[in-house]
Structures are given as C-alpha cells and as structure tokens.
Amino acid sequence: MLIAAAAAVLVHQQAQATPQPVDHSKMHHGEAPSAAEAAAMRKLQLAPVPGSEFRAECGSSHRAGNDPIVFPGQTGASHIHEFFGNTSTNANSTLQSLRLGGTNCDPVADKSAYWTPTLYQNGVPVAPERVTIYYQGITDRTHATAYPQRLRYVIGNAAAITPDQNPAARWSCVGQSQSSRDFLVCPPGSKLENYLDFPTCWDGVRLDSPNHKDHMAFPTGPTCPATHPVVVPRLEFLITYPVNGGDLTLAATRNGQLVTTAPGYTFHGDFMNAWDPAELQRRITDCIKAGYICGTDGNPIQQ
C-alpha cells in the first residue's frame, strides 16, 4: 500500500511538472489590420513630426522564447524575442517586477519593457547595434496624456503572408530614402534599420485587451476617435542592425510552429509601460505638449 501510494504521489508530481502544450493559434500578433486601420497607419507614417518628442536610447538586453503579454507565465512558449531596456523582462514580468528590475535605457527612469522578434542572418542571431525609442506628439499633441502604469499593447502582424498585411513596420537602410515592408539589401557602408509605429489613441479604460490591440487605435482624423478618446504619444522604434547583406529572416510562429525563418514583413513589437510616473509626466508636459524636441534627459534640445 505504501509503495502504491508513493507511486501515485510521484505520478501526480510528474503530471504537475509537465509543461502544458501551448495553443499557438491563439497568439495575438497574427491579425492583419482592417483596410481603415491600414490606411490610418500609413497616413500617420507620412505625417511630419511637428517638433514634439522625447526619446530613450536602449540596448539589446537579452533574447529568449518569452512574451509576457501574449503568453504570460509561460516560459519558452513564444518564438525568440530580442528584449530591450528592462534587463529583468521574462514570461512572468509585471509592473512590480519591472520597477524593481534594472534597465539599459538612457534615461534610467525608463524601466519599460520593449521587445521584437530576433533577426537572423544565415541562421545566426543578430543583436541590434542601436535602439532608439521615440515618443512623439504626432496626434493632437496639446491634449497628450501620459501612459498609465501597467499599460501594455502590441503592434504588427507576425502571421502576415504578404507585405500589405503588416503596414506597421518598415525596413530601410541608414542614409537611404527607400523603404520596404520586407528586407532590403543595403549598399556597402550602410546598415539595415527598421521603423515600427504604434497607435496614438487609448480607450481610457483598459490597460490591455484580449488581442492586446483593441484598447488602442490609430486616428482617422486630426484627433482620436470617440471610441478611443485619450491621446497618447506615438511610440516608434528605430532599430539599427550591424548588417547590410541578404539571407535575413525573423523568429516567428508559422503554422503553429516556432521558427527562425520568417520573412521581414512579419516584424512586430510589444510595449509594457514601467516609466517612473513623475519623469514620464514631466516629458509629456515639457516636450510633447510644449512642442519641443527633447533629449534623453527630457530637456529641450531644439524647438
């Protein structure tokens, strides 16, 4: 009886320790925007930035198969991501853990977590050379509001099968005017870079939504729609990679499988706000609403 009972306990413990299979069909980076949303994205990308921004300069902290927004608490459930800024980001990250963690961002007041799929060249992961996170007053800047603590959202379509299904991301070459939804082969002496543009309107209620997108929106006019009336700065990643050649791929989830061979037009990104609230508000007031371009210290460098 004792042996049987011990065996039953062991089986129960093993069952508890066995990771449960992940349903990758429920991952929410795999949605193409509607035609109206795509048009709003493109319109915002073409709009001039009216001298109203602040920035953070961050580095690549680490890479791992985690996504605390899409797969919270599920270590290794995601394809490989490159994490920027907060050095503690993992599958279990929360506002509290991020605020207690470190950051490689300048300023150190920004403990937010940022991540994108890892870039590969000939199957070898490539860490970004530079990551600039812009916060821009591009929509109705005088009414801009600081992001609330714990706000999180995603942008991009990791399941795109054509470039037109993912208008949020643009590849270009340093010093060149050409851009593309897919990878470019940059000329000698140049480097590959990516621009990823996030929405500028929040519904004012939810800090997240089931697909991690619906609580945010792009404006269709000069200000935010009634469904998402709260103006926030546009978050834009500018990521520079130390490569210029071909044979480039991305980590992604394709047909339910974790791969490192996805095309450039599947690029996407995530953001979890963990800014020091006072420092974030100071930048909203002194940079975004006042119409100044500010450095990483949050002070104006030009009007």
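Structure first, text after, so check above.
Computed from a predicted model, the values in this text were never measured in an experiment.

Draft legend 1. Expanded view of the overall build of the chain. When helices and strands are counted, the chain shows four helices and 20 strands. Taking all 303 residues of the chain together, 52% fall into the buried category. Here the analysis covers contacts within the chain between residues at least 6 apart in sequence; of these, 72% occur between residues at least 24 apart. Taken as a whole, the chain presents about 13,100 Å² of accessible surface, with 56% of it coming from carbon and sulfur.

Draft legend 2. Structural detail: the pattern of salt bridges. Summed over the entire model, instances satisfying the criterion amount to twelve salt bridges. Across the salt bridge formed by Arg63 and Glu82, the nearest N and O atoms sit 3.0 Å from each other. Here Glu82 lies in strand β3 (residues 81-85) and Arg63 lies in strand β2 (residues 60-64), a separation of 19 residues in the sequence. Classification of Glu82 by relative accessible area gives buried; the value is 3%. The partner of Arg170 in a salt bridge is Glu236, with the nearest N and O atoms 3.4 Å apart. With Arg170 in strand β9 (residues 169-173) and Glu236 in strand β15 (residues 234-241), the pair connects residues that are 66 residues apart, well separated along the chain. A single network of salt bridges, built from pairs that share partners, joins Arg170, Asp197, Arg234 and Glu236.

Basis of the calculations
The numbering scheme is per chain: residues are counted from 1 as the chain's sequence reads. Local features in this predicted model are restricted to residues whose pLDDT is 70 or higher, and side-chain atom pairs enter the listing and the counts only when it is 80 or higher, whereas totals over whole chains, interfaces and linings include all residues. The side-chain quantities take in all heavy atoms of the structure and omit both hydrogens and water. To qualify as a helix, a DSSP run of H or I must reach at least 4 residues; to qualify as a strand, a run of E must reach at least 2; elements of each kind are numbered from the N terminus. Relative accessibility decides the category of a residue: with a 1.4 Å probe and only protein chains considered, values under 20% of the type maximum give buried, values over 50% give exposed, and everything between is partly exposed. A contact between two residues is defined here by any heavy atoms of the two lying within 4.5 Å. Here, Shrake-Rupley sampling with a 1.4 Å probe gives the accessible areas, and only protein chains in the shown set may cover a residue. Basic side-chain nitrogens of Lys or Arg form a salt bridge, by our definition, when they fall within 4 Å of a carboxyl oxygen of Asp or Glu.

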